[in-house]
Amino acid sequence: MAEVFLEHVYKVYEGKVEAVRDFCLDIKDREFMVFVGPSGCGKSTTLRMIAGLEEITKGEVRIGDRVVNDVAPKDRDIAMVFQNYALYPHMTVYDNMAFGLKLRKYSREEINNRVMEAAKILGLEEYLNRRPKQLSGGQRQRVAVGRAIVRKPKAFLFDEPLSNLDAKMRVQMRTEISKLHQQLETTMIYVTHDQTEAMTMGDRICVMKDGVIQQVAAPIELYDKPCNKFVAGFIGTPPMNFFEGNLANKDGKLIFVSPGFECPVPDAWKEKMEPFCNKAVTFGIRPEDIGNEAAERNPEMPKVKAKVEVIEPMGSETYVYLTCATTSFIARIDPHRKLSVGQDIEFALLMPNAHFFDGATEKAII
């Protein structure tokens, strides 16, 4: 196994288009690192530079103690699992998994032992004589993973491997890949645009936007302490609600003022917030912190008046889509609470869990 280091890595295409800019990241040995971000943010390009499938414009990539900038992909001792499986249709499952080992001149006995071991781990033993067209999407993905496992590489790279699967199969494969990481105890780097996958699978998550790292942290830290408005809005389902407004001082009390909505700033935050008085700021609060029991029971929690636009029962919870003046937002509430479309309602806000962002830089204040 090995650590992976990226130091000031750039990828610039013709026309001076920067796909990745000043990317610095240390991925620990046996860590499950997830790259997440919207389409076009540079996450797959970064993964392909680690794999050697994309040339590095500037910077350095190390796997273990070895700089691999000029090392061919086959000599980097990594294995990559692609979105489209890339299986040979004319070969059986066994032969697909064994093919890479045959090219490397492993003995027949060693190949058989490795393939059977991987097949047992992935539950593919009964499918070894089938061809890819005889398998489901999830089974094909397991074969692609098995082909990587048999090589026993220093690191596994996954490039959106679940995006072709249906919702139920994605959940199942998420669990299987997480279990696989625990069994193999190896370094895994996983690319996805799905923040739910990132949150449920990663030891740490690297959030990217426009080729630049926004924040690298454990899932719960990203959720509770986003460093800027982009991370706050990208991580979480449904996403964080944002109210644009200004900070005002009324009789010594800091107040956030937005169209149709005012909210006092807790005294504990006054020192950090005072420099932003009379400036544009963004108030952020997650759907579960609007109208929940803790907020409703506490008379000191501020309230927001809004009109119910859409109600989405989800079984264990209900999403309520609301409008307050010019702002639309979402509350996640108890499913037994009775509401109706068009109703005017007042919800309490759980302020200890709220966030404030600088209106100019979008960096987190609180």
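These notes cover the structure that comes with them. (Residues numbered from 1 in each chain as written. Predicted model: local features only at pLDDT ≥ 70, side-chain atom pairs only at ≥ 80, totals over all residues. Heavy atoms only, no water.)

**Some remarks on the overall build of the protein**
Here comes step 1: The helix and strand tally for the protein stands at 10 helices and 19 strands.
Here comes step 2: When the 366 residues of the protein are sorted by exposure, 51% land in the buried category.
Here comes step 3: Residue pairs at least 24 apart in sequence account for 64% of intrachain contacts in the protein once pairs closer than 6 positions are excluded.
Here comes step 4: By element, 48% of the accessible surface of the protein is carried by carbon and sulfur atoms, the whole surface being about 17,700 Å².
Here comes step 5: The average position of the 49 basic charges and that of the 51 acidic charges among the side chains of the protein differ by 6 Å. (Helix = DSSP H or I, 4+ residues; strand = E, 2+ residues; numbered from the N terminus. Buried < 20%, exposed > 50% of the residue type's maximum accessible area, 1.4 Å probe, protein only. Contact = heavy atoms within 4.5 Å. Areas by Shrake-Rupley, 256 points an atom, 1.4 Å probe, with all protein chains shown as cover. Lys, Arg positive; Asp, Glu negative; His and termini not counted. Charge placed at Lys NZ, Arg CZ, Asp CG, Glu CD.)

**A closer look at the nonpolar core**
Here comes step 1: Membership of the largest hydrophobic core comes to 47 residues, with the highest contact counts inside it found for Met97, Phe158, Tyr190 and Val207.
Here comes step 2: With 36 residues, the next largest nonpolar core counts Cys263, Ile290, Val304 and Leu322 among its residues. (Core = buried A, V, L, I, M, F, W, Y, C linked by side-chain atoms within 4.5 Å.)

**A short note on the sheet that holds strand 12 (residues 253-258)**
Strands belonging to one sheet form pairs held by backbone hydrogen bonds; the direction of such a pair is parallel or antiparallel.
Here comes step 1: Here we have 5 strands laid out as an open sheet, ordered 13-12-11-14-19, and antiparallel in their pairing. Edge positions in the sheet fall to strand 13 (261-264) and strand 19 (355-358), since each of these pairs with one other strand and no more. Adjacent strand axes in the sheet meet at a mean angle of 35°, parallel and antiparallel pairs treated alike.
Here comes step 2: Bridge count for strand 12 against strand 13 is 4 bridges, and the pairing is antiparallel. (Pairing = 2+ DSSP bridges. Axes fitted to C-alpha atoms, helices over the stretch in contact; angles between N-to-C directions.)

**Considerations on the packing of helix 4 (residues 137-149) against helix 5 (residues 167-184)**
Each packed pair of helices is defined by two parameters, the angle between the axes and the distance between the axes.
Here comes step 1: In contact at an axis separation of 11 Å, helix 4 and helix 5 are set at 20° when each is read in the N-to-C sense. Relative to helix 5, the element helix 4 lies roughly parallel. Seen from above, helix 4 lies across helix 5 with right-handed handedness. Contacts between helix 4 and helix 5 involve Gly138, Gln141, Arg142, Val145 and Ile149 from the first element and Met169, Gln172, Met173, Glu176, Leu180 and Leu184 from the second.
Here comes step 2: In terms of residue class, the contact of helix 4 with helix 5 is built from 6 nonpolar, 3 polar and 2 charged. (Parallel < 35°, antiparallel > 145°, perpendicular 65-115°, else oblique. Left-handed = near helix turned anticlockwise from the far one by under 90°. Nonpolar A, V, L, I, M, F, W, Y, C, P; charged D, E, K, R; others polar.)

**Some remarks on the environment of Val61**
Here comes step 1: Tracing the sequence through the fold places Val61 in strand 4 (residues 58-63).
Here comes step 2: A residue is classified by how much of its surface remains accessible, and Val61, at 0% relative accessible area, is buried.
Here comes step 3: Separated by 36 residues in sequence, Val61 and Leu25 have C-alpha atoms that sit 9.7 Å apart.
Here comes step 4: Beyond its immediate chain neighbours, meaning those up to four positions away, Val61 contacts Phe5, Leu6, Val9, Ile50, Ile56, Arg66, Val67, Val68 and Asn69.

**Looking at the sheet that holds strand 4**
Here comes step 1: Within the open sheet, the 4 strands sit side by side as 2-1-4-5. Their pairing is antiparallel. On the outer flanks of this sheet lie strand 2 (17-27) and strand 5 (66-67), each paired with one strand and no other.
Here comes step 2: Sitting on the sheet, helix 1 (residues 43-51) is in contact with strand 1 (4-13), strand 2 and strand 4, with an inclination near 115° to strand 1.

**Section: the packing of helix 2 (residues 93-103) against helix 4**
Here comes step 1: Look at helix 2 against helix 4: their axes get within 8 Å of each other, and the N-to-C directions meet at 30°. In terms of their interaxial angle, helix 2 and helix 4 are classed as roughly parallel. Considering only the axes of helix 2 and helix 4, their crossing is right-handed. Only Val143, Gly146 and Arg147 of helix 4 make contact with helix 2, whose side of the interface consists of Val93, Asn96 and Met97.

**A word on a negative patch on the surface**
Here comes step 1: Together, Glu3, Asp26, Asp29 and Asp65 make up a region of like negative charge exposed at the surface.
Here comes step 2: Tracing the backbone through its elements, the reader meets Asp65 in the loop between strand 4 and strand 5.
Here comes step 3: For Asp65, a relative accessible area of 82% translates into the label exposed. (Patch = residues over 30% accessible without salt bridge, like charges linked within 9 Å, V, L, I, M, F, W, Y side chains within 5 Å. Salt bridge = Lys/Arg side-chain N within 4 Å of Asp/Glu carboxyl O.)

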